[in-house]
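# Secondary and tertiary structure notes
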Amino acid sequence: MKMATPKLKTQLERLYKTYDIAFLSSDPLEFVHRFKDARDREIVGLMASSLAYGKVASIKKSVETVLSLMNNEPYRFTMNFKPEKYEKAFADFIHRFNNGDDIRCLLYFMKQMFEKSGSIGGFFTEAYDSKEKNIKSVLVSFCERTLNLDSSAVYKTKNLPEKAGVRFFFPSPSDGSPCKRLNLYLRWMVRRGDALDFGIWKGISPSKLVMPLDTHVARISRYIGLSSRENASWLMAEEVTENLKKLDPKDPVKYDFAIARLGI
């Protein structure tokens, strides 16, 4: 395994400056940039990142469909959302492993987050501890607390069914998952300092973020010496992040967008 070196930093900085906001059309982050209100951005960000698996064209089509069903008014629609009222409207929605019930439940979860904590960020940071090495523990808590929110209006049962597709949107580091899509969402909400990400959640330091790791980014990370692990996992995501911290301790995941473009 190679180690993070000044030469690697030079190359990654070059890529970081090359793959900037001009390449936004190939990323689901494009949808979040359509909105100016932080509340809209939180909602669209969680929706778009949750659906960020599969081919780019398919992801974009699915997010566009959901936004259209929301009348392109994410916050207003979510706060007035009643799952039982929109069962037919979302009935035909399919995105690979997920269907309309999963989207209705996700919207209902977000509504409850706003009602409980004033924002999705407020709900997330209730368990945040700045003394922790990274966001692992708060992400575990976020997933557990989210999946314990009321889902009865969607699934007609007191507790969320084990096979409910909405669980796919909230994998936990405690299960070894790299949590690519949730780490992607956190990058969008927490990072600041360039035109890509929004820095809405001021209470979390970008230095605590973990690299959003999928098979493409994992392959490239191994190739350039950021990890010796074979399979994408939470441990690999942490290892990649720790090596990137040697290059930029305050903002290690700044290189994610550029590295992901290489994967695409």
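Residues numbered from 1 in each chain as written. Predicted model: local features only at pLDDT ≥ 70, side-chain atom pairs only at ≥ 80, totals over all residues. Heavy atoms only, no water.

### Focus on the overall build of the protein
Heads up, the rule is: Going along the chain from the N terminus, every DSSP run of H or I of four or more residues is numbered as a helix, and every run of E of two or more is numbered as a strand. Accessibility here uses a 1.4 Å probe with only protein chains present; expressed as a share of the type maximum, an area under 20% marks a residue as buried, one over 50% as exposed, and anything in between as partly exposed. In this count, Lys and Arg are taken as positive residues and Asp and Glu as negative ones, while His and the chain termini are left out. Charge coordinates come from a single atom per side chain, which is NZ of Lys, CZ of Arg, CG of Asp or CD of Glu.
Helix and strand counts for the protein stand at 13 helices and two strands. When the 264 residues of the protein are sorted by exposure, 55% land in the buried category. Side-chain charges of the protein comprise 43 positive and 32 negative groups, with the mean position of each set lying 3 Å from the other.

### Notes on the nonpolar core
Heads up, the condition is: Grouping buried Ala, Val, Leu, Ile, Met, Phe, Trp, Tyr and Cys residues that are joined through side-chain atoms within 4.5 Å yields what is termed a nonpolar core. Any two residues whose heavy atoms approach within 4.5 Å are treated as being in contact.
Judged by nonpolar contacts, the single largest core of 86 residues is most densely connected at Leu-139, Val-166 and Phe-170. Ranked by residue count, the leading element in this core is helix H6 (residues 100-117), at nine residues. Setting aside residues up to four positions removed in sequence, Val-166 forms contacts with Asn-98, Asp-102, Cys-105, Leu-106, Phe-109, Tyr-155 and Leu-160.

### Side note on helix H1 (residues 6-18)
Selection criterion: Expected helix span is given by 1.5 Å per residue-to-residue step, counting one fewer step than there are residues. Summarising the geometry, the arc corresponds to the directions from the helix axis toward the C-beta atoms.
Helix length check: H1, at 13 residues, gives a terminal C-alpha distance of 18 Å against a target of 18 Å (1.5 Å per residue), a fit within 8%. Buried within H1 we find Leu-8, Leu-12, Glu-13, Leu-15 and Tyr-16. Angularly, the buried residues of H1 cover 160 degrees about the axis, an arc narrow enough to put them on a single face. In this structure, H1 carries Pro-6, Lys-7, Thr-10 and Lys-17 as exposed residues pointing more than 90 degrees from its buried face.

### Thoughts on the side chain of Arg-181
Short version of the rule: Every case where a carboxyl oxygen of Asp or Glu lies within 4 Å of a side-chain nitrogen of Lys or Arg is listed as a salt bridge. In the analysis that follows, any N or O atom pair within 3.5 Å is treated as a polar contact, provided that within protein one partner can donate a hydrogen and the other can accept it, and provided that, for residues neighboring in sequence, both atoms belong to side chains.
Looking at the secondary structure, you find Arg-181 in helix H10 (residues 180-190). Although Arg-181 is buried, it makes no salt bridge; Asp-214 carries the closest opposite charge, 9.2 Å away. Of the polar contacts made by the side chain of Arg-181, one reaches the backbone oxygen of Phe-168; its length is 2.8 Å. Ignoring any residue separated from it by four or fewer positions in sequence, one finds Arg-181 in contact with Ser-49, Ser-50, Ala-52, Tyr-53, Phe-168, Phe-169 and Pro-171.

### Digging into the packing of helix H8 (residues 136-147) against H10
The criterion, for reference: For helices, the axis comes from a line fit to the C-alpha atoms of the stretch in contact; other axes are also lines fit to C-alpha atoms, and the angle between any two N-to-C directions lies between 0 and 180 degrees. Any angle that falls under 35 degrees is termed roughly parallel, while one over 145 is termed roughly antiparallel, one within 65 to 115 roughly perpendicular, and all others oblique. Only Asp, Glu, Lys and Arg are considered charged in this grouping, and only Ala, Val, Leu, Ile, Met, Phe, Trp, Tyr, Cys and Pro are considered nonpolar; every other residue, Gly among them, is considered polar.
The N-to-C vectors of H8 and H10 enclose an angle of 110 degrees; their axes lie 12 Å apart at closest approach. Relative to H10, H8 is oriented roughly perpendicular. Two secondary-structure elements touch here, H8 through Leu-139, Phe-142 and Cys-143 and H10 through Leu-182, Asn-183 and Leu-186. By residue class, the composition of the contact of H8 with H10 is five nonpolar, one polar and no charged.

### Description of the pattern of salt bridges
Enumeration over the complete set of coordinates arrives at 18 salt bridges. One network of salt bridges, with partners in common, ties together Arg-187, Arg-191, Asp-194, Asp-197, Asp-251 and Asp-256.

### Details of H6
With 18 residues, H6 should cover 26 Å at 1.5 Å per step; its first-to-last C-alpha distance of 26 Å lies within 8% of that length. Two or three places before Asp-101, at the opening of H6, Asn-99 has a side-chain oxygen 3.0 Å from that residue's backbone nitrogen. Phi turns positive one or two residues past the end of H6, at Gly-118, with a value near 85 degrees.

### Let's talk about the environment of Glu-126
Note on placement: Glu-126 falls in the loop between helix H7 (120-125) and H8. Separated by 96 residues in the primary sequence, Glu-126 and Arg-222 have C-alpha atoms spaced 35 Å apart. Other than its neighbours up to four places away in sequence, Glu-126 contacts Ser-117 and Arg-145. A distance of 3.4 Å separates a polar atom in the side chain of Glu-126 from a polar atom in the side chain of Arg-145.

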